[in-house]
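# Coordinate inspection notes
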Amino acid sequence: MKIIQLDDLQENAVDLIANQWMLITAGTADNHNTMTASWGGIGHLWNKDVAYIFIRPQRHTYDFVEKNDFFSLCFFEEKYRNVLKLCGSKSGRDIDKMNLEITPVVDEQNIYYKEARVVMLCKKIYYQDLDPKNFLDASIQKNYPQNDYHRMYIGEIYKTLEN
Ligand SMILES: Cc1cc2nc3c(=O)[nH]c(=O)nc-3n(C[C@H](O)[C@H](O)[C@H](O)COP(=O)(O)O)c2cc1C
């Protein structure tokens, strides 16, 4: 993979996240976990390129993002859709997500997948739990029948890779 500047990336960020989906991965070579996500954003805040991700507290990945300072976002070609479906429907508590058909690569304190088409390596810089008191549109609550409000993490995108 080659390092590129984030603003040289020729992608539609909404299509990338909403339709292509991403894997959010955190941990170490020996102890990591990954999950599929399609809610989030890429933008600019505090003079930094950032990604916003939203993780429900019951996800196994939540514990890994909590315990580590870094996480990655990986985007794949359509042929890997089955991996994303698996990682979006099964928990790392129940299946071995360290031996998927994709190959983890360690980059200093971060971990991503060799087969990814685009990778954003992020450092956690902020988090906040969504507060239903602040839902200005009442329809948002229907996403939370179990009141399992997401924790939002903002990650500084410090390296972008492209295959
Ligand atoms: C297309 C898709 C998008 C998803 N987006 C999110 C998301 O943004 N946030 C979240 O907490 N869970 C999301 N999920 C659910 C998790 O991927 C799923 O619960 C997964 O099994 C969690 O794995 P883990 O327990 O190993 O972390 C999504 C699932 C799919 C299929």
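Quick summary incoming for the structure in this document. (Residues numbered from 1 in each chain as written. Predicted model: local features only at pLDDT ≥ 70, side-chain atom pairs only at ≥ 80, totals over all residues.)

## Points about the overall build of the protein chain
Assigned secondary structure in the protein chain consists of three helices and ten strands. Relative to its length of 163 residues, the protein chain is compact, with a C-alpha radius of gyration of 15 Å against a globular reference of 15 Å. Summarising its shape, the C-alpha atoms of the protein chain cover approximately 45 × 40 × 30 Å along the three principal directions. Expressed as a percentage of its 163 residues, the buried residues of the protein chain come to 31%. Taking as baseline every contact in the protein chain between residues at least 6 positions apart, the subset at least 24 positions apart corresponds to 71%. (Helix = DSSP H or I, 4+ residues; strand = E, 2+ residues; numbered from the N terminus. Rg over C-alpha atoms; globule rule 2.2 N^0.38 Å. Buried ≥ 20, exposed ≤ 12 C-beta atoms within 10 Å, placed from the backbone. Contact = placed C-beta atoms within 7 Å.)

## Quick notes on the site of the ligand
In the vicinity of the ligand lie 20 residues, with H60, T61, G88, S91 and G92 positioned nearest. Top contributing element to the shell around the ligand by residue count: strand β3 (residues 32–37), with four residues. Looking at the shell around the ligand residue by residue, the classes come out as six nonpolar, nine polar and five charged. (Near = placed C-beta within 6 Å. Nonpolar A, V, L, I, M, F, W, Y, C, P; charged D, E, K, R; others polar.)

## A word on the pairing of strand β8 (residues 110–113)
Looking along a regular strand, one sees the side chains alternate between the two faces of the sheet. Of the two faces of β8, the one holding N110 and Y112 and the one holding I111 and Y113 are both buried throughout. The sheet contact formed by strand β7 (residues 104–107) and β8 spans four bridges and is antiparallel. Pairing of V105 across the sheet is with Y112, part of β8. (Pairing = 2+ DSSP bridges.)

## Points about helix α2 (residues 60–67)
Of all the positions in α2, only T61, F64 and V65 are classed as buried. The buried side chains of α2 occupy one side of the element, clustering within an arc of 95° when seen end-on. (Arc of directions from axis to C-beta.)

## Some thoughts on the pairing of strand β2 (residues 22–27)
With six of six residues buried, β2 is to be regarded as a mostly interior element. Direction of pairing for β2 relative to β3: antiparallel, over a ladder of six bridges. Following the sheet pairing, M22 is matched in β3 by A37. The loop that links β2 with its antiparallel partner β3 comprises four residues.

## Things to note about unusual backbone geometry
Although it is not a glycine, E108 adopts a positive phi angle of roughly 50°. In this fold, E108 is placed in the loop between β7 and β8. At N147, a position not held by glycine, the phi torsion is positive, near 55°. Tracing the sequence through the fold places N147 in the loop between β9 (118–129) and β10 (151–162).

## What to know about the environment of S72
Among the secondary structure elements, S72 is positioned in strand β6 (residues 70–75). Taking the C-alpha atoms as reference, S72 lies 9.3 Å from T34; in sequence the two are 38 residues apart.

Any functional reading would require information beyond the geometric quantities listed.
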